[in-house]
Amino acid sequence: MEIIDKEEVRKAEEQTPEGKKKKLLSTIGTIVFFVILGIAYYFLDHYHVFSGEPYPLRMGNVTVIPGETKVQELLQAGYELSDREHGEFMSDMGGYYYSEVIDTTAEADSHSYYPLILVKDGIAYANVTIYNANDWGKKPLPECVISKLEVAAFHEDSDQTSFQDIPLSEMTKEAISAKVGAEPEIWESGACVWEKGKYSLRLDADDSASGRMIISEYELN
């Protein structure tokens, strides 16, 4: 009885012109499959098919869409970035003054996020979280994306912040629910939270520690 080594036969067939052609086509097919898969994932993620729908907030002359809006857009609107370490309470102002701002030529570490303060002339207008989703390298701060925006009643020009034309001072559970077409989850703290995929909108009531606050966020993980 002749013993046939199937592995040797397979290797021999691969060396024939027909075998090489099949192997090449198989390799090309695999590459094309993963390219198409990557493109599909990119578009599905960026066009909210899987990630849900964002909750844009309007601040004066700029609209912030967490997960999309870059720091550069806020810089162009006249804002600067600072952090809590640079804040000094000024009794005559009744709030914090941020004497230093972050150098926007600096770079953010790969796959990292930074909770910061959005300021103009040292006065806080909002809290923001920016992130660099790049796993392979650093990225200049202006190219980083906003993942969360928090605006409270005590922030400067908070009355200029709105969600779908509802100013912060008029934001209520009923008003926002009517706009988004959904009822929120109610937390024990009394905060109302609306969620769509990776996006969420949180409204804190007037009696919270910071007064009325609206928070729009894109979940990073």
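Residues numbered from 1 in each chain as written. Predicted model: local features only at pLDDT ≥ 70, side-chain atom pairs only at ≥ 80, totals over all residues. Heavy atoms only, no water.

Enquirer: When you look at the packing of aromatic side chains in this model, what are you seeing that I'm missing?
Expert: Aromatic ring pairs: the centre-centre distance and the angle between the two ring planes describe each pair. This structure, assessed with the given rule, holds five aromatic pairs. Ring geometry for Tyr79 against Tyr125: centres 5.6 Å apart, planes inclined by 75°, an arrangement best described as edge-to-face. Here Tyr125 lies in strand β8 (residues 123-132) and Tyr79 lies in the loop between α3 (71-76) and β3 (80-82), a separation of 46 residues in the sequence. The residues Tyr79 and Tyr125 share a single accessibility class, namely buried. Look at Tyr131 and Tyr218: their rings are 6.4 Å apart centre to centre, the planes differ by 20°, and that puts the pair in the stacked class. A residue pair is termed long-range when its members are at least 10 positions apart, and Tyr131 in strand β8 and Tyr218 in strand β16 (residues 213-218) qualify at 87 residues. Note on accessibility: Tyr131 and Tyr218 belong to one class, buried. Each member of the aromatic cluster is reached from another via a ring pair, and the members are Tyr131, Tyr199 and Tyr218. Across the ring face of Tyr79, the terminal group of Lys120 is positioned such that the distance to the ring centre comes to 4.3 Å. The positively charged end of Lys120 is found above the aromatic ring belonging to Tyr125, 5.5 Å away from the centroid. (Phe/Tyr/Trp six-rings, centres within 6.5 Å; stacked < 30°, edge-to-face > 60°. Helix = DSSP H or I, 4+ residues; strand = E, 2+ residues; numbered from the N terminus. Buried < 20%, exposed > 50% of the residue type's maximum accessible area, 1.4 Å probe, protein only. Lys NZ or Arg CZ within 6 Å of the ring centre and 35° of its normal.)

Enquirer: Mind showing me how you'd approach the side chain of Ser162 here?
Expert: For Ser162, the position within the fold is in strand β11 (residues 161-163). In this structure, Ser162 is in contact with Pro56, Leu57, Arg58, Pro167 and Met171, ignoring residues within four places of it in sequence. (Contact = heavy atoms within 4.5 Å.)

Enquirer: I tried to follow the side chain of Asp83 on my own but got confused; where do I start?
Expert: Note that Asp83 resides in the loop between β3 and β4 (87-90). In this structure Asp83 is buried but unpaired, with Arg84 as the nearest side chain of opposite charge at 8.3 Å. Within the structure, the side chain of Asp83 is placed 3.1 Å from the backbone nitrogen of Glu85, a separation counted as a polar contact. Once residues within four sequence positions are removed from consideration, Asp83 is found in contact with Tyr98, Ile102, Leu116 and Ile117. (Lys, Arg positive; Asp, Glu negative; His and termini not counted. Salt bridge = Lys/Arg side-chain N within 4 Å of Asp/Glu carboxyl O. Polar contact = N/O pair within 3.5 Å; in protein donor to acceptor, adjacent residues only side chain to side chain.)

Enquirer: Before we go on, may I ask you to explain the pairing of β4 in this structure?
Expert: Remember that side chains alternate between the two faces of the sheet whenever the strand is regular. Direction of pairing for β4 relative to strand β5 (residues 95-98): antiparallel, over a ladder of four bridges. Looking at the pairing, Met90 lines up with Gly95 of β5. Between β4 and β5, which pair antiparallel one after the other, the connecting turn spans four residues, and Gly94 there sits at a positive phi close to 75°. (Pairing = 2+ DSSP bridges.)

Enquirer: What's the story with the pattern of salt bridges in this structure? I'm lost.
Expert: Any two side chains of opposite charge can pair if their charged atoms end up close together. Taken as a whole, this structure holds four salt bridges when the rule is applied. Between Glu183 and Lys173 there is a salt bridge whose closest N-O contact spans 2.8 Å. In this pair, Glu183 sits in the loop between α4 (173-180) and β13 (185-186) while Lys173 sits in helix α4, placing the two residues 10 residues apart along the sequence. Taking the shortest distance from any N to any O, the salt bridge between Arg202 and Asp204 comes out at 2.7 Å. Arg202 sits in the partly exposed class, given a relative accessible area of 25%. Taking relative accessible area as the criterion, Asp204 reaches 10% and is therefore assigned buried.

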